[in-house]
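Listed here are the chains, written in short residue letters.
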Amino acid sequence: MTEPTSAPAAPPSLESVLRHAWDAFHPGQPAPLGWLTHTTTQIQAYLRNHHSDPQPPPAIPESLTQFRRQMWQALREAVSEHDIDIDAANRVMEVVDLPLLPRRWQVRLTLTVVAELTAGTSDDAFDAAEAAIETALAGAEIEARIEWNGNERDNADPGELDPTDPWPGCPR
């Protein structure tokens, strides 16, 4: 069973704060008649008349935005002129929360691709699978090249007869 949480203590009233202040400065002396009511009323009126609504956080001044843009462009130019290493420039960008400089990457992936196709020999099956992958990558509109290495041809498991494939050379 969960214990009920106690509500936070309410802040002391203005009257009790003023009464405590009077007693601290005038121990044992009663406050003048009407002093507490009059002082409380005056403080509340002052707060009402001089209260300002909370201000929204200040917008980033255009000069700061312009400075950040100029900083990014200056670092980009310094990298392109080989005045600074791109990794060092990107560390600076990261510290000041700017976008990192774009760079070209060459990515080498080793993938296992399993394709089911019809061929007479395992070499023909590998050649057909490689051709299908090259066609798919060409349609992806990215600059990619495939480095085929015949020694990396892993496995071609022969299956059942494909009854849908006609005799080679026979029109479909």
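This write-up is about the structure you can find in this document. Residue positions are given per chain, counted from 1 along the sequence in the order it is written. With the structure being a predicted model, the display of local features is reserved for residues of pLDDT at least 70 and the display and counting of side-chain atom pairs for 80 or more, all residues being used for whole-chain, interface and lining totals. The basis for the side-chain values is all heavy atoms of the structure; hydrogens and waters are excluded.

Here is the rule: rings of Phe, Tyr and Trp (six-membered ring for Trp) pair when centre to centre is within 6.5 Å. Planes less than 30 degrees apart are stacked, more than 60 are edge-to-face, and the remainder are tilted. A complete count under the given rule lists one aromatic pair for this structure. Note on Trp22 and Trp35: the rings are 5.0 Å apart at their centroids and 50° apart in plane angle, and the pair reads as tilted. Separated by 13 residues along the polypeptide, Trp22 in helix H1 (residues 14–25) and Trp35 in helix H2 (residues 35–50) bring together distant segments of the chain. Over the aromatic face of Trp105 sits the side chain of Arg103, whose NZ or CZ is 5.4 Å from the ring centroid. Secondary structure follows DSSP: runs of H or I at least 4 residues long count as helices, runs of E at least 2 residues long count as strands, and numbering of each begins at the N terminus. Only lysine NZ and arginine CZ atoms are considered, and such an atom sits over a ring when it is within 6 Å of the ring centre and within 35 degrees of the ring normal.

On to the side chain of Thr39, then. Here Thr39 shows up in helix H2. Per-residue accessibility, obtained with a 1.4 Å probe over protein chains only, is compared with the maximum for each type, and a residue is labelled buried under 20%, exposed over 50%, and partly exposed between these values. Taking relative accessible area as the criterion, Thr39 reaches 16% and is therefore assigned buried. Between N or O atoms, a polar contact is any pair within 3.5 Å; within protein, one atom must be a potential hydrogen donor and the other a potential acceptor, and residues adjacent in sequence are included only when both atoms are from side chains. Within the local environment of Thr39, its side chain forms a polar contact with the backbone oxygen of Trp35, the two atoms lying 2.7 Å apart.

With that out of the way, let us pick up H2. Helix length check: H2 (16 residues) gives 22 Å between terminal C-alpha atoms against 22 Å at 1.5 Å per residue, within 8%. Buried residues of H2: Leu36, Thr39 and Thr40, and no others. Viewed end-on, H2 has its buried residues packed into an arc of 100°, placing them on one side of the element. H2 presents Thr37, Arg48 and Asn49 as exposed residues on the side facing more than 90 degrees away from its buried surface. Buried residues belonging to H2 abut H1. Here a helix's expected span is defined as the number of its residues, less one, multiplied by 1.5 Å. In this description, the arc belongs to the directions extending from the helix axis to the C-beta atoms. Note on contacts: a residue pair is in contact if any heavy atoms of the two residues lie within 4.5 Å.

So, about the packing of H1 against H2. The relative placement of two packed helices comes down to the angle between their axes together with the axis-to-axis distance. The interhelical angle for the contact between H1 and H2, taken along N-to-C directions, is 125°, at an axis separation of 10 Å. As the angle between them shows, H1 and H2 are arranged oblique. Pair H1 / H2 crosses with right-handed handedness. Where H1 abuts H2, its residues Leu14, Glu15, Leu18, Arg19 and Trp22 lie against Trp35, Leu36, Thr39, Thr40, Ile43 and Gln44. Between the N-to-C directions of two axes lies an angle of 0 to 180 degrees, each axis being a line fitted to C-alpha atoms and, for a helix, fitted only over the stretch in contact. Small angles under 35 degrees read as roughly parallel and large ones over 145 as roughly antiparallel, with 65 to 115 read as roughly perpendicular and the rest as oblique. The handedness criterion is simple: a crossing whose near helix is rotated anticlockwise from the far helix by less than a right angle is left-handed, and one whose near helix is rotated clockwise is right-handed.

Before going further, it helps to examine a nonpolar patch on the surface. Put simply, a patch holds well-exposed residues, over 30% relative accessible area, that have no salt bridge, with like charges counted together within 9 Å and Val, Leu, Ile, Met, Phe, Trp or Tyr side chains within 5 Å. Using a 1.4 Å probe, the Shrake-Rupley method yields the accessible areas, and only the shown protein chains count as cover for residues. By definition here, a salt bridge exists when the distance from a side-chain nitrogen of Lys or Arg to a carboxyl oxygen of Asp or Glu is within 4 Å. On the surface, a cluster of nonpolar side chains totalling about 640 Å² of accessible area is made up of Trp105, Val107, Leu109, Leu111 and Val113. Among the secondary structure elements, Leu109 is positioned in the loop between helix H4 (86–95) and helix H5 (122–139). The class of Leu109 is exposed, set by a relative accessible area of 63%.

Within the structure shown, the criterion is met by one salt bridge. The shortest N-O distance in the salt bridge between Arg103 and Asp87 comes to 2.8 Å. Taken together, the residues Arg103 in the loop between H4 and H5 and Asp87 in helix H4 connect sequence positions 16 residues apart.

With that settled, consider the packing of helix H3 (residues 62–80) against H4. At a minimum axis separation of 9 Å, H3 and H4 run at an interaxial angle of 170°. Classified by the interaxial angle, the pair formed by H3 and H4 is roughly antiparallel. Contacts from Met71, Trp72, Leu75 and Val79 of H3 reach H4 at Ile86, Ala89, Val92 and Met93. Here the nonpolar group is Ala, Val, Leu, Ile, Met, Phe, Trp, Tyr, Cys and Pro; Asp, Glu, Lys and Arg are the charged ones; every other residue, Gly included, is treated as polar. When its residues are assigned to classes, the contact of H3 with H4 shows eight nonpolar, no polar and no charged.

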